[in-house]
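An overview of the molecular structure
If you want the building blocks of each chain, they are given just below.
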Amino acid sequence: PRGPYCEGWPVYHAVVDSASNTVYAAAASEWHGSAVWRSKDLGETWTLSSEGIAYEDGRKLSKISSLAAAHGRVLAGVEAPGIFESRDDGENWSLLSRLAEQPGSDEWDDPANQPPGHLGISALTFDREDPDRFWAIVQGIGLFETADNAASWTPRNRGLRADWPREHEEIGFCVHKTVRSPVDEQRMYQQNHVGMHRSDDGGASWTEITDGLPTEFGFAAAAHPHDRDTFFVIPLDPGHGRTMPDGAAAVWRTNDAGSTWQRRGDGLPQQNAFVGVLRHGMSND
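Throughout what follows, the structure given in this document is the object of discussion. (Residues numbered from 1 in each chain as written. Predicted model: local features only at pLDDT ≥ 70, side-chain atom pairs only at ≥ 80, totals over all residues. Heavy atoms only, no water.)

1. Quick notes on unusual backbone geometry
This is how the line gets drawn: In this text, helices come from DSSP runs of H or I with a minimum length of four residues, and strands from runs of E with a minimum of two, each type numbered from the N-terminal end.
Omega for the peptide link from glutamate 79 to alanine 80 comes to 0°, which places this bond in the cis form. The topology assignment puts alanine 80 in the loop between strand S6 (73-79) and strand S7 (82-86). You will see that alanine 257, though not glycine, has its phi angle at about 65°, which is positive. Its place among the elements puts alanine 257 in the loop between strand S19 (251-254) and strand S20 (262-264). A positive phi angle is found at asparagine 272, which is not glycine, with a value near 55°. Within the secondary structure, asparagine 272 is located in the segment after S20.

Written as structure tokens, this is what we have:
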């Protein structure tokens, strides 16, 4: 352990830009607002970076909840929903998109419908080759894709399940985490509020693959670096506790794209492990 760093600000997400080895950390303070901390020496020293992270109309920005770094740029997903961009290593920021004119966006842009910790951009995923293509999760609304650097967006939620009433066909899904196979750009996996899902067409449609898991709820997910059919997930109790089922910690793995699942708990605590793993809390090399 080292630190504390970043003057005690809560950190909600952190990423490493592999091209520059710069670490970016999304933070929010009750007193100072939202900002991105950055370190160019892998965490030894940190610099605050918040210039431009604000809505011109004065809307409240409760926190920065997700980051993505690739292709010489950094994206920051914020609450209320919006995406800010930096092209100078996180020193200055500008608003890139609020996903305006999407179905239901008039409601998620209403401050009255945005209590803190809700309706933000909870995850951002870059395409490995195309810098203008990336995906964004609007919390409680669904997954969206842009292929033109946020000039336009397309909902990517067909085939998902929602156990609650929805006003719009394309949105109203609680997507927790999406990952892409490093070896097949069309293969994606998703942990949803209600089920695990797989896509074989780059997110255009989804098939549920929950059968065999102890619960249909969870946050964290990871894709195998070399095998398109191998995927990892951590199921949680869907109640208010949102901890490991029966207090026994485990990662669940499929080797056949979700047809079957295997529990892997060796080396993890199997008694009184009432712990949870959040959406950005599992990663792999």
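Here the narrative resumes.
2. Quick look at the pattern of salt bridges
What counts, and what does not: A pairing counts as a salt bridge when a side-chain nitrogen of Lys or Arg comes within 4 Å of a carboxyl oxygen of Asp or Glu.
According to the stated counting rule, one finds 17 salt bridges in the structure shown. The salt bridge involving glutamate 170 is made with arginine 158; its shortest N-O contact spans 3.4 Å. In this pair, glutamate 170 is assigned in the loop between strand S12 (154-155) and strand S13 (175-181) and arginine 158 in the loop between S12 and S13, connecting sequence segments twelve residues apart. Its salt-bridge partner being arginine 198, residue aspartate 200 comes within 3.1 Å of it at the nearest N-O pair. Through salt bridges with shared partners, a single network forms among Asp184, Arg187, Arg198, Asp200, Arg228 and Asp229.

3. So, the side chain of serine 34
The condition is simple: The term polar contact refers here to a pair of N or O atoms within 3.5 Å; inside protein, the definition further demands a hydrogen-donor-capable atom paired with an acceptor-capable atom, and it admits residues adjacent in sequence only when both atoms are side-chain atoms.
With respect to the helices and strands, serine 34 occurs in strand S3 (residues 33-39). A distance of 3.5 Å separates a polar side-chain atom of serine 34 from the backbone nitrogen of lysine 63.

4. Looking at the environment of threonine 260
Heads up, the condition is: In this scheme, a residue with accessible area under 20% of its type's maximum is buried, one over 50% is exposed, and one in between is partly exposed, where area comes from a 1.4 Å probe on protein chains only. Note on contacts: a residue pair is in contact if any heavy atoms of the two residues lie within 4.5 Å.
On the secondary structure map, threonine 260 appears in the loop between S19 and S20. On the accessibility criterion, threonine 260 (38% relative accessible area) is partly exposed. In this structure the C-alpha to C-alpha distance between threonine 260 and glycine 212, which are 48 residues apart in sequence, comes to 6.3 Å. Ignoring anything within four residues of it in the chain, the contact list for threonine 260 reads Arg253 and Thr254. Within polar-contact distance, the side chain of threonine 260 engages the side chain of glutamine 262 at 3.5 Å.

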